[in-house]
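Remarks on the overall topology
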Amino acid sequence: MTVARDEMLTISEVIEEIGVPRATFYRWRQLRKGPKSIKLPNGSVRIRRSELDRWIEALEEAA
């Protein structure tokens, strides 16, 4: 059995999915309140699908 790779989402994909403006997402990143992200050597930022799901679940539990 093979394990599926954890999908790496772009910022555009994440903000579209959660429905917030790009500026809000960047503010959350700056304040360390958003999902953990990965900065690649080329400067691109990615968010693992599992991390986005974990972050959303934590918000549900906190509410």
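Since this is a predicted model, take the numbers as computed values, not measurements. Chains are numbered independently. Their residues run from 1 in the order of the written sequence. Since the coordinates come from a predicted model, pLDDT governs what is reported: local features require at least 70, and pairs of side-chain atoms require 80 or more to be given and counted, while whole-chain, interface and lining totals use all residues. Based on all heavy atoms of the structure, the side-chain values leave hydrogens and waters out of the count.

Attention shifts here to the overall build of the chain. Across its full length, the chain holds three helices and three strands. Helix and strand assignments come from DSSP, with helices taken as H or I runs of at least 4 residues and strands as E runs of at least 2, each series counted from the N terminus. Across the chain, helices and strands are ordered from the amino to the carboxyl terminus as β-α-α-β-β-α. Counting only C-alpha atoms, the chain reaches 40 × 35 × 20 Å along its principal axes. Within the chain, residue pairs in contact and separated by at least 24 positions form 47% of the contacts whose partners lie at least 6 positions apart. A 1.4 Å probe and the Shrake-Rupley method give the accessible areas. Residues count as covered only by the protein chains that appear here. Split by element, the accessible area of the chain, about 4,900 Å² in all, is 51% carbon and sulfur. If you average the places of the 12 positive and of the 10 negative side-chain charges in the chain, the two averages end up 11 Å apart. Residue contacts are defined here by distance: any two heavy atoms, one from each residue, within 4.5 Å place the two residues in contact. Charge counting treats Lys and Arg as positive and Asp and Glu as negative, with His and both chain ends excluded. Where a charge lies is defined by one atom per residue type, namely NZ (Lys), CZ (Arg), CG (Asp) and CD (Glu).

Here we come to the pattern of salt bridges. Should a side-chain nitrogen of Lys or Arg be within 4 Å of a carboxyl oxygen of Asp or Glu, the pair is scored as a salt bridge. Counted under the stated rule, the structure contains four salt bridges. In this structure, the salt-bridge partner of E7 is R49, at a minimum N-O distance of 3.9 Å. Residue E7 is located in the segment before strand 1 (8-10), and its partner R49 is located in helix 3 (residues 49-62); the two are separated by 42 residues in the primary sequence. A simple rule labels every residue: compare its accessible area, found with a 1.4 Å probe on the protein chains alone, to the largest value its type can have, and call it buried under 20%, exposed over 50%, or partly exposed in between. According to the relative accessible area criterion, E7 is partly exposed, its value standing at 44%. R49 sits in the partly exposed class, given a relative accessible area of 22%.

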